[in-house]
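Here is what each chain is made of, one letter per residue.
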Amino acid sequence: IGEDTRIIPAEVKVAGTTIKLYSPTDCIRDRLASFIHFKASECLDQAVLVARKHPFDRTKIRAWCSSEGNPQAFLDFERKLQATLGSEDNAK
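The notes below deal with the structure included here. Since this is a predicted model, take the numbers as computed values, not measurements. (Residues numbered from 1 in each chain as written. Predicted model: local features only at pLDDT ≥ 70, side-chain atom pairs only at ≥ 80, totals over all residues. Heavy atoms only, no water.)

Bringing the pattern of salt bridges into the picture now. Evaluated as defined, the whole model comprises eight salt bridges. A salt bridge links K20 to E11; the shortest N-O distance between them is 3.7 Å. This pair shows no difference in class: K20 is exposed, exactly as E11 is. We note a salt bridge from K80 to D45, for which the minimum N-O separation is 2.5 Å. Remark: D45 occurs in helix α2 (residues 41-53) and K80 occurs in helix α4 (residues 71-85); sequence separation between them is 35 residues. Exposure remark for K80: the relative accessible area of 32% places this residue in the partly exposed category. Relative accessible area serves as the criterion here: at 32%, D45 is assigned to the partly exposed category. One connected set of salt bridges, linked through shared partners, spans D4, R6, D26 and R29. (Salt bridge = Lys/Arg side-chain N within 4 Å of Asp/Glu carboxyl O. Buried < 20%, exposed > 50% of the residue type's maximum accessible area, 1.4 Å probe, protein only. Helix = DSSP H or I, 4+ residues; strand = E, 2+ residues; numbered from the N terminus.)

Right under this line is the structure:
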């Protein structure tokens, strides 16, 4: 995800088959990577959709955006998320 190559996928068993997938935090980072590097605004929307439904690590995402050279992407994400959540807070 961006410059971070140390991703450890989560594993979920479905009908006897193990499926590997991103954690919600890594999924958000993946979507923000497309927002940062390809200016894909729909990917910012997708990151917000994940954040609305699943607990995620806000601190890790903030630090990752900075390490990608775009701390503004975190602020855009945060602003859009807060606009959709109101007083709810799903992040740690």
